[in-house]
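Now for the letters of each chain:
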Amino acid sequence: MTKLHIGCGSTKLKDYVNIDIKKTRATDRVLSCLDLPSYYDPNSIDEIYSCHMIEHMTKRDGENFLSICSQLLTTGGVLRLEFPGVDRILSYGSKMPVPEQELINNLYGMQRDSYDHHQYGYTKKTMTALLERNSFFNLEWSEGRTGYGNSWNGWKVKGVRV
C-alpha cells in the first residue's frame, strides 16, 4: 500500500512517503506536488494526505494538484485534505474574541519564508465542487485542525476517487 503525505513540512507520518518542496527533518523526498507524475505512475497510490498545503498554491496550481491526485490514486483510493476554510474564518472571526492578527495570519499565512503565505482560499462549497469535478465523491467533512494551532478555522475532508 503506497500512501503519500504531501506538504509534510516538519511532520513525519509513519507508513507514508513524506514529501515537501523544502528539505526538513521529516521529508523523505523533496519534490513539488505538481511534479508527482514524474515519480509515480497513474493509478498507483492508495492514499494521499495533505494538511494545510493547498492554500499555499495559486488557484490554478491547486486545481492542478487535485487533478494530479485523481490521476495517481487508484479507483477507491482516498484523498484527505485539511485547509483553512475562508467561510469559517470569516464567520467565526466575527463571533469569537479572536485577536485581529490571528485572523490576518489565518487568511494570509504566517509569512515566515517564501512558501509560508496563502495564495488562495477555499470554502466548503468551493472545495466540494472542485473535488467532485476531479472524481472525488463520498465526501466526509468535519471541522477543525489536527496538528496546526486552533480548531475553529479549518475544514477536513476525506474523499474517495471513483
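Here the residue numbering is sequential within each chain, running from 1 through the sequence in written order. Only residues with pLDDT of 70 or above have their local features reported here, since the model is predicted, and side-chain atom pairs are shown and tallied only from 80 upward, although totals for entire chains, interfaces and linings are computed over all residues. To obtain the side-chain values, all non-hydrogen atoms of the structure were used and water was disregarded.

Asker: Can you explain the layout of surface pockets? Please cite residues and give values.
Answerer: In this structure, the largest pocket spans a volume of roughly 1,000 Å³. As for the largest pocket, its lining consists of 42 residues, of which His52, Met53, His56, Tyr115 and Asp116 are closest to the centre. Listing elements by their share of the lining of the largest pocket, those giving two or more residues are strand 2 (17-20) and helix 3 (100-108). For the lining of the largest pocket, the element with the highest residue contribution is helix 3, accounting for three residues. Within the lining of the largest pocket, the residues separate by chemical class into 14 nonpolar, 19 polar and nine charged. Definitions used throughout: a 1 Å grid over protein atoms alone; a cavity as a set of points that fits a 1.4 Å probe which cannot get out; a pocket as an open set with protein on both sides within 12 Å along at least five of seven lines; a lining residue as one with an atom within 4 Å of a point. Grid points are joined across faces, edges and corners, and a volume is the space filled by probe spheres set on the points. Helix and strand assignments come from DSSP, with helices taken as H or I runs of at least 4 residues and strands as E runs of at least 2, each series counted from the N terminus. Polar here means any residue outside two lists: the nonpolar Ala, Val, Leu, Ile, Met, Phe, Trp, Tyr, Cys and Pro, and the charged Asp, Glu, Lys and Arg; Gly therefore counts as polar.

Asker: An account of the nonpolar core is needed here, citing residue identities and associated values.
Answerer: Working definition of a nonpolar core: buried Ala, Val, Leu, Ile, Met, Phe, Trp, Tyr and Cys residues. They are joined through side-chain atoms within 4.5 Å. Burial classes: relative accessible area under 20% of the type maximum marks a residue as buried, over 50% as exposed, and values in between as partly exposed (1.4 Å probe, protein chains only). Residues Ile6, Leu36, Phe65, Leu66, Leu79 and Met127 are the most contacted members of the largest nonpolar core, which totals 28 residues. Broken down by secondary-structure element, the contributors of at least two residues to this core are strand 1 (3-6), strand 4 (45-51), helix 1 (59-72), strand 5 (73-84), helix 4 (124-133) and strand 7 (154-161).

Asker: For helix 4, give the residues involved together with the corresponding values.
Answerer: The set of residues buried in helix 4 consists of Met127, Thr128, Leu130 and Leu131. In an axial view of helix 4, the angular spread of the buried residues amounts to 170°, which keeps them on one side of the axis. Projecting away from the buried face of helix 4 at angles above 90 degrees are the exposed residues Lys125 and Arg133. Positive backbone phi, at 70°, marks serine 135, one or two positions downstream of helix 4. The directions considered for the arc run from the helix axis to the C-beta atoms.

Asker: Can you explain unusual backbone geometry? Please cite residues and give values.
Answerer: Of note, the phi angle at aspartate 15 is positive, near 70°, even though the residue is not glycine. Positive phi is not limited to glycine here, since asparagine 43 has a value of about 60°. Its location among the elements puts asparagine 43 in the loop between strand 3 (29-30) and strand 4.

Asker: Can you break down the pattern of salt bridges residue by residue, with the values?
Answerer: Basic side-chain nitrogens of Lys or Arg form a salt bridge, by our definition, when they fall within 4 Å of a carboxyl oxygen of Asp or Glu. Following the criterion strictly, the structure yields six salt bridges and no others. As a salt-bridge pair, arginine 88 and glutamate 143 come within 3.1 Å of each other at their nearest N and O atoms. In this pair, arginine 88 is assigned in helix 2 (residues 86-95) and glutamate 143 in strand 6 (residues 136-143), connecting sequence segments 55 residues apart.

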